Amino acid sequence: MTNDSINQADNLETEKQVREKEEEEELRKLLVPPIEDLPLIPPTAVDSNFVAYFATDCTKAGHDQYVYRHANGLCVIGLAPTHVAFKDEGGITAVDFNVGKSDRSGFKVTGKRKRNAQHFESNTALCKVCTNSDSYIVRCCVKGSLLEVNDRLIKLPGLLNSSADREGYIAIIMPKPADWVKIKSSLLSLEEYKKLREAS
Amino acid sequence: MSNGTEDVAQVSSVQAAEAAHVISTDVDLQIAGEDDEEMTPLNNAVRSFPFDAVKDLSSKEVCMRCIFRLFGVQVPDFSLSQPAILRNFLGEQTDSIKQLEDTEPKSCSICLGVLQFAYCNDKERSVKKESANDLAVTIADLVKKEGYQIDSFLLEVSLPPIISENENMAWLYVKNKYGSELWFQERSLSNRIYAKEALKSALANPLETLLFCRMSSVSSFRIRLTYTHAKATKTVQNFVERNESCTENGLDSVKDGSVSTSEANTITQRSSDGLLDNNSSEVYGLPLEKVNEPCRLECLFNRTPIYFGGRYLKYSRNVSQTRWIIDDERMGEASIEEIIAGNILPMCRGDNYKFHAAGREDIDVRMLGSGRPFLVEIQNACQVPSELFVKEIETKINNLENRLIRVKNLKVVGSEGWTLMREGESEKQKQYTALVWISRPLQDEDLQSISSIKEMQILQRTPIRVLHRRSPLDREKIIHWINIEKIAGSSQYFLLHLCTQAGTYIKEFVHGDLGRTNPSIGSILGCRAEILQLDVTEVKMDCFLDE
């Protein structure tokens, strides 16, 4: 090998290294965000991915539930902070999905087409939540297919007391897109809900 | 017949078969060459044709090329206006020349004009070419007009089924009428040349000359000649109908309809070898129904797909991988497939493209680092671009003003690019960087507890955001490693670098998806965790990594 070709090889090598270094720096620049642009407290995943609706006094006074609707049409059902069960001493102590004609946690929905999903009306019972003094029926609020219930609540009913709006959700229901307009009209928006409950 | 004569007959037929073999080889040679002197072997072959039979067929609206075929001789490309061969062949019966020249039918009753190079073009105009070469010129002109750059070609011919029915009928006719004559027995039935083959071999040489390349059965460029005829389906249907009426009317048709019954039988026999013995010669009625209009010819070209491989980077959080339209509304400002394939397609002048990639990222996720392997399939390209040209395409894409994406190592690859890209696609590791916020200040212990995680198994229920279209499942995924990188000036924001098994839902692994992904960054740190931004920094695949 002549000196020239060695030099050339060296040059190529250094060129490659330089380019790699440049790419590395470019990547760093892209990854590290300008801190001043970040909000002090960012919106939560629930806030940004769902629109919140409420069903107040679900068949009984104080039975307030939320419906979080994802952009894909799926609805997460849970207990609103004003649900009367939270007012009982010790909060919620047990959750029982064995209501109505069947155990709601006993169905395994499978496949893209959601085989085995049960079709429920908005007033169908989803589960029963118990406190030390009473028990309350939680309803679907949304007419549609029951995709899943949060069976962690059977072992960890306390999730309802700590984070009813997140890990303590009750169920996921998929309404038919055509039914949604009617369902929506039966629910309150977040503002309407706040106004109603702040007033009372 | 005595035993003695039978033996003699067998011996002579064996010799004849050998002789016929020699002749047909010579004929092939003749077709390749155009020298007049080499015409002699063909002439010999032709001279061996029984004049009566030729005259008979010719008088029944059968064209010269079909007569040649029926006698098992490959059709040479002679011009019908100067039937020198015919004249030579008829040298012994000179008084008949004029008569036979005049009998070349306007439209052959067997090949419906296909071997007379007559057809109806797409402008509904009847065309009659003088020779195979003239038809080849028309085809070659079309190839050039559409601008194909080719280095070989493949020829496909499709004929209406009625032609093969006619062929069978004609063979049966000849067999029945001349089966007992020596010249017929000399010709083995395996010498039958089908119209399709006759047309292909007549076109092969002139096309090779005109297109400056060889015909090949493995060529990526296909010339397809499709002949169709309006009569075809009708005639077959008539036979079927007649056949049905025969069975319905029972005795009546057996009595008076010997012709129609037998014709119908011919149709049913055609799927067998079509040459079952039948002694009544008038059954196979020639001439066949007279056909006035020629077949419609459609000439189509197609090139098998060509593939471009490479890796793409995506710098925008508003560009989807493929065109994404919901209710007539475009999601995102552009798509990767449209930018990349949309720039390649016109350069190759293809009909259409397909975009394939090794996995994909969400519309709001950037693809950085060494990029993601992709494959662009260009259908029916006129042109296969040179290496230099491919580099130009790459530069063009990379210099687009909006700088939404970038392409690396773009090159033409074979169809094995598929295998390369699919190989290990599901086992591949992917690296990400996420911008994360937690609901309490980050502590030093957190950095340790997180970085100690190695090969951790997590369970992801199908995320709610895709649950409407994907099956509800518990999916087991592996987190290979995680690191936290602090961001100066913030205690609750940090960068999370992680490497996971392909198919892990990273956003859900950070925020926990209502506890449906477990463990999650939130559950590990015992607080609320939110993900603000996500970037793919590495797709660990060797595919298209080198220039």
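Residues numbered from 1 in each chain as written. Chains lettered and ligands numbered in written order. Predicted model: local features only at pLDDT ≥ 70, side-chain atom pairs only at ≥ 80, totals over all residues.

**Examining unusual backbone geometry**
Link 1 in the chain: With an omega of -10°, the peptide bond between Asn518(B) and Pro519(B) qualifies as cis.
Link 2 in the chain: Phi is positive for Asn116(A), which is not a glycine, with a value near 75°.
Link 3 in the chain: The partly exposed category is assigned to Asn116(A), around which 13 C-beta atoms lie within 10 Å.
Link 4 in the chain: Phi is positive for Glu455(B), which is not a glycine, with a value near 45°.
Link 5 in the chain: Within the secondary structure, Glu455(B) is located in strand S16 (residues 454-461).
Link 6 in the chain: Of the residues examined, Glu455(B) has 9 C-beta atoms within 10 Å and is grouped as exposed. (Buried ≥ 20, exposed ≤ 12 C-beta atoms within 10 Å, placed from the backbone. Helix = DSSP H or I, 4+ residues; strand = E, 2+ residues; numbered from the N terminus.)

**Focus on the packing of helix H7 (residues 132-145) of chain B against helix H10 (residues 195-211) of chain B**
Residue and element names in this part refer to chain B.
Link 1 in the chain: Two elements in contact, H7 and H10, have axes whose closest approach is 9 Å; the angle formed by their N-to-C orientations is 45°. As summarised for this structure, H7 and H10 are arranged oblique, according to the angle between their axes. In this structure, the crossing between H7 and H10 has a hand that is right-handed. From H7, Ala132, Asn133, Leu135, Ala136, Val137, Ile139, Ala140 and Val143 reach across to H10, where they touch Ala202, Leu203, Pro206, Leu207, Leu210 and Leu211.
Link 2 in the chain: Per-class residue counts for the contact of H7 with H10 are 13 nonpolar, one polar and no charged. (Axes fitted to C-alpha atoms, helices over the stretch in contact; angles between N-to-C directions. Parallel < 35°, antiparallel > 145°, perpendicular 65-115°, else oblique. Left-handed = near helix turned anticlockwise from the far one by under 90°. Contact = placed C-beta atoms within 7 Å. Nonpolar A, V, L, I, M, F, W, Y, C, P; charged D, E, K, R; others polar.)

**Section: the domain arrangement of chain B**
Interfaces are often sized by the accessible area lost when the parts come together.
Residue and element names in this part refer to chain B.
Link 1 in the chain: Each domain of chain B was delimited in the assignment, giving domain 1 (3-300), domain 2 (305-422) and domain 3 (429-539).
Link 2 in the chain: When each unit is reduced to the centre of its C-alpha atoms, the spacing between domain 2 and domain 3 is 29 Å.
Link 3 in the chain: Facing the eleven residues of domain 2 at the interface are seven residues of domain 3.
Link 4 in the chain: The class makeup of the residues in the side of domain 2 that touches domain 3 is five nonpolar, three polar and three charged. (Domains from an automatic or database assignment.)

**Some points on the nonpolar core**
Side chains of a nonpolar character, in soluble globular proteins, are inclined to be buried together.
All names here are of chain B.
Link 1 in the chain: Counting residues in hydrophobic clusters, the biggest one holds 55 residues, and the most contacted among them are Tyr312, Ile340, Ile344, Val376, Ala434, Val436 and Leu496.
Link 2 in the chain: Built from parts of two domains, this core gets at least three residues from each of domain 2 (305-422) and domain 3 (429-539).
Link 3 in the chain: Apart from residues lying up to four places away in sequence, valine 376 is in contact with Tyr307, Phe308, Ile340, Ala341, Ile344, Tyr353 and Phe355.
Link 4 in the chain: Tyr119, Val143, Leu172 and Tyr173 belong to the second largest nonpolar core, which has 51 residues in total. (Core = buried A, V, L, I, M, F, W, Y, C linked by C-beta atoms within 7 Å.)

**Things to note about the sheet that holds strand S11 (residues 171-174) of chain A**
Residue and element names in this part refer to chain A.
Link 1 in the chain: Read across the sheet, seven strands follow the order S7-S10-S11-S3-S2-S1-S12 without closing on themselves; strand pairing throughout is antiparallel. Strands with a single pairing partner mark the edges of an open sheet, and in this sheet they are strand S7 (118-120) and strand S12 (188-189).
Link 2 in the chain: When strand S3 (residues 75-79) meets S11, the two strands line up antiparallel, connected through three bridges. By the bridge assignment, valine 76 is partnered in S11 with isoleucine 172. (Pairing = 2+ DSSP bridges.)

**With respect to the domain arrangement of chain A**
Link 1 in the chain: Assigned domains within chain A: domain 1 (3-37) and domain 2 (45-199).
Link 2 in the chain: Computed over C-alpha atoms only, the centres of domain 1 of chain A and domain 2 of chain A are separated by 54 Å.

**Some thoughts on the interface of chain B and chain A**
Link 1 in the chain: Contacts between the two partners involve 26 residues from chain B and, on the opposite side, 28 residues from chain A.
Link 2 in the chain: Of all the secondary-structure elements, those providing two or more residues to the side of chain B that touches chain A are strand S13 (366-379), strand S15 (429-438), helix H18 (464-467), strand S18 (493-501) and strand S20 (529-539) of chain B.
Link 3 in the chain: No other element matches S20(B), which puts five residues into the side of chain B that touches chain A.
Link 4 in the chain: The residue inventory of the side of chain B that touches chain A, partitioned by class, reads eleven nonpolar, ten polar and five charged.

**Comments concerning the packing of helix H14 (residues 336-348) of chain B against helix H15 (residues 387-398) of chain B**
Residue and element names in this part refer to chain B.
Link 1 in the chain: As a packed pair, H14 and H15 sit with axes 10 Å apart at the nearest point and diverge in direction by 140°. Relative to H15, H14 is oriented oblique. The two elements H14 and H15 meet at a crossing, and its hand is right-handed. Of the residues in H15, those in contact with Ile339, Ile340, Asn343, Ile344 and Met347 of H14 are Phe389, Ile393, Lys396 and Ile397.
Link 2 in the chain: Split by residue class, the contact of H14 with H15 holds seven nonpolar, one polar and one charged.

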